[in-house]
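Listed here are the chains, written in short residue letters.
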Amino acid sequence: MSKFKTIRVRFAPSPTGYLHVGGLRTALYNFLFARKHGGVFILRIEDTDRTRYVNDAVDNLIETLRWAGLDYDEGPEKGGTLGPYVQSQRLEIYKQHVDRLLNTRTAYRCFCTPDRLEMMRKEQEARHISPKYDRNCLSLSQQEIQENARKGIPCVVRMKIPDSLTIRFHDVIRDDVEFSSEMLDDQVLMKSDGYPTYHLANVVDDHLMQISHVIRGEEWLSSTPKHVLLYQFFGWELPEFAHLPLLLNPDRSKLSKRQGDVAVEDYRAKGYLKEALVNFVAMLGWNPGTEQEYFSLEELIQQFSLERVNKAGAIFNIEKLNWLNAEHLRRKPDEELLRMLKEALAQSNFKNAKHDDEYLLKVIFAMRERVSFVNDFIEKGSYFFEPPNEYDQEVVRKRWKAETPSQLKQLAEEFSKLTSPTKQDYEAALQNTADVFHVGNGTLIHAVRLAVSGVGGGPGVYDILFILGKDESLKRMHTAIERLT
RNA sequence: GGCGCUAUCGUCUAACGGUUGAGGACGCGGCCCUCUCAAGGCCGAAAUACGGGUUCGAUUCCCGUUAGCGCUACCA
């Protein structure tokens, strides 16, 4: 599919504070594509806007990518032969390339002040024509340019868009796309502070870093013709382009804060598993063509293809993420769940409670099918870590009758006779007691459950009793008899 | 406003002109299982934006309309 020998792709975020879930998906698709084809996945930091620089953003980005399991082959902190991989460290390279453009007259210096530009735009807007630089500085003579430079007037470098040219390029996802050069502005390539704009830096770097496929968000589609022109100006071969559909808010606007969490770290903090988040964003805009929904990273790598990426934007649907999280969580081996539960416990209200692994493993066994998040073990199964401090009133109304206290007293009596009871022992004892009172065992089951857990749902009652142990169970039964009578 | 991209159940999506009275998943409702809650199983409601073409035949190809989104910065 490609004229390039090795697949080389890059994820090129701008460090503005955190990794956006849309960014995570872009990174993921790049990663999957590279791994699938034995290619190279590069991380490049696009920090050419000094006004938006955020401290620690790069570290944060790298840490989040690492958390998600998307290891890059070349990039900051990792190195590579075609670095540096941080654009602010490549200023000299951009300058050289801008000079090339200047020499071939495919770019020119512009000394217009921001004020003049602003006024020009206002006027154009008033006249209902699309805002475009009026090329005021294109006609400057060599002398005038030198004069201005000598006076120290700040200047930018603009690319000179050819007139009436149709620019066509191929996109793996959208096929052929074409734009008229008439619509293009003489884009600033080099800012007055000596930093390149995205357009220049991205083309220069993609070429120098031998990027074979530019896989990025759809918001770049409209500026791609400028990039194509730049490749032509430099006489470089075009990479393949693949513009990914956007991630949307529930109201179909572009995914943003305000309408929920957009930072990967938010989801991480909320207890979502990286496996679930990765699986989920992978399915937002891509599918394998089969009915498989649950994927490990390894399976995604095997099955991923750019050709099966959709064109239309996708809403970030939290319900499905929750479901996938539960799926991934419940399939985890005991040991891993144990490790995660201990970690969660350490940060919970029960951090001082002592429970050995054997006990926690029993809780995991009992709760496994009932949790979507690790914290659910603690929240939905709080009674495994402390006695109920209140009883669900609705359940009390339904399950706790006038005769219940005396029945439970008798049941407690039976339980206390048992030595190291198994689940079966509890069951037999309860059955016997139910027979004595001529009631169905359900009557006692629900009452005991309420007494020991405070709630109406959960694992089988014999499991709960067994996990809690005889002494604790009896204690709770007596407490309930007292408090609910 | 201009340019571009997009358009199948509420949501994510399948279908690459015909075996489609449009399939799956999440969510929702019902039933089964059952000591409860889950999990699981079964069933159900739910979609091709609209209008023209092309074709023996359009979800699928073309055009238009509408809608949504993106871009339109010395931001990326």
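Residues numbered from 1 in each chain as written. Chains lettered and ligands numbered in written order. Predicted model: local features only at pLDDT ≥ 70, side-chain atom pairs only at ≥ 80, totals over all residues. Heavy atoms only, no water.

1. Description of unusual backbone geometry
Omega for the bond connecting Gly83 with Pro84 falls within 30 degrees of zero, at -5°, which places this linkage in the cis form. Structurally, Pro84 can be placed in the loop between α2 (57-68) and α3 (91-103). The backbone phi angle of Arg105 is positive, close to 60°, even though this residue is not glycine. With respect to the secondary-structure elements, Arg105 resides in the loop between α3 and β3 (107-110). Residue Arg105 is classed as exposed on the basis of its relative accessible area, which comes to 63%. (Helix = DSSP H or I, 4+ residues; strand = E, 2+ residues; numbered from the N terminus. Buried < 20%, exposed > 50% of the residue type's maximum accessible area, 1.4 Å probe, protein only.)

2. Focus: the protein's contact with RNA strand B
Surrounding RNA strand B, one finds 61 residues, the nearest of these being Lys191, Glu369, Arg370, His446 and Gly456. Asp49 is positioned such that a nitrogen or oxygen atom in its side chain is 2.7 Å from a sugar or linking oxygen of RNA strand B. Between RNA strand B and Ser192, the relevant distance is 2.7 Å, taken from a base oxygen to a side-chain nitrogen or oxygen of the residue. Those elements giving two or more residues to the surface near RNA strand B turn out to be α4 (114-126), β4 (156-159), β6 (175-180), β11 (314-315), α11 (318-330), α18 (441-453) and α19 (461-468). In terms of residue class, the surface near RNA strand B is made up of 23 nonpolar, 16 polar and 22 charged. (Near = heavy atom within 4 Å. Polar contact = N/O pair within 3.5 Å; in protein donor to acceptor, adjacent residues only side chain to side chain. Nonpolar A, V, L, I, M, F, W, Y, C, P; charged D, E, K, R; others polar.)

3. With respect to the domain arrangement of chain A
On domain assignment, one finds that chain A holds domain 1 (1-76 + 245-330), domain 2 (91-244), domain 3 (334-384) and domain 4 (393-483). Centre-to-centre, using C-alpha coordinates, domain 2 lies 57 Å away from domain 3. (Domains from an automatic or database assignment.)

4. Some thoughts on the environment of Tyr198
Of note, Tyr198 is situated in helix α6 (residues 198-208). Ignoring sequence-local partners within four residues, the contact set of Tyr198 consists of Arg10, Glu46, Thr48, Arg216, Trp220 and His227. Within polar-contact distance, the side chain of Tyr198 engages the side chain of Arg216 at 3.2 Å. (Contact = heavy atoms within 4.5 Å.)

5. Thoughts on α18
With 13 residues, α18 ought to run about 18 Å at 1.5 Å a step, and its terminal C-alpha atoms sit 18 Å apart, in line with that. Burial in α18 covers these residues: Leu444, Ile445, Ala447, Val448, Arg449, Leu450, Ala451, Val452 and Ser453. On its buried face, α18 sits against α15 (393-399), α16 (404-417), α17 (423-436), α19 and α20 (470-483). Positive phi shows up at Gly454, right after α18, with a value of about 85°. (Expected span 1.5 Å × (residues − 1).)

6. Considerations on the packing of α6 against helix α7 (residues 224-234)
Orientation of α6 relative to α7, taken along the N-to-C sense of each, is 55°, at an axis distance of 10 Å. When the axes of α6 and α7 are compared, the pair comes out oblique. Relative to α7, α6 is oriented so that their crossing is right-handed. Seen from α6, the contacting residues are Tyr198, His199, Leu200, Asn202, Val203, Val204, Asp206 and His207; seen from α7, they are Lys226, His227, Leu230, Tyr231 and Phe234. Tallied by class, residues from the contact of α6 with α7 come to seven nonpolar, four polar and two charged. (Axes fitted to C-alpha atoms, helices over the stretch in contact; angles between N-to-C directions. Parallel < 35°, antiparallel > 145°, perpendicular 65-115°, else oblique. Left-handed = near helix turned anticlockwise from the far one by under 90°.)

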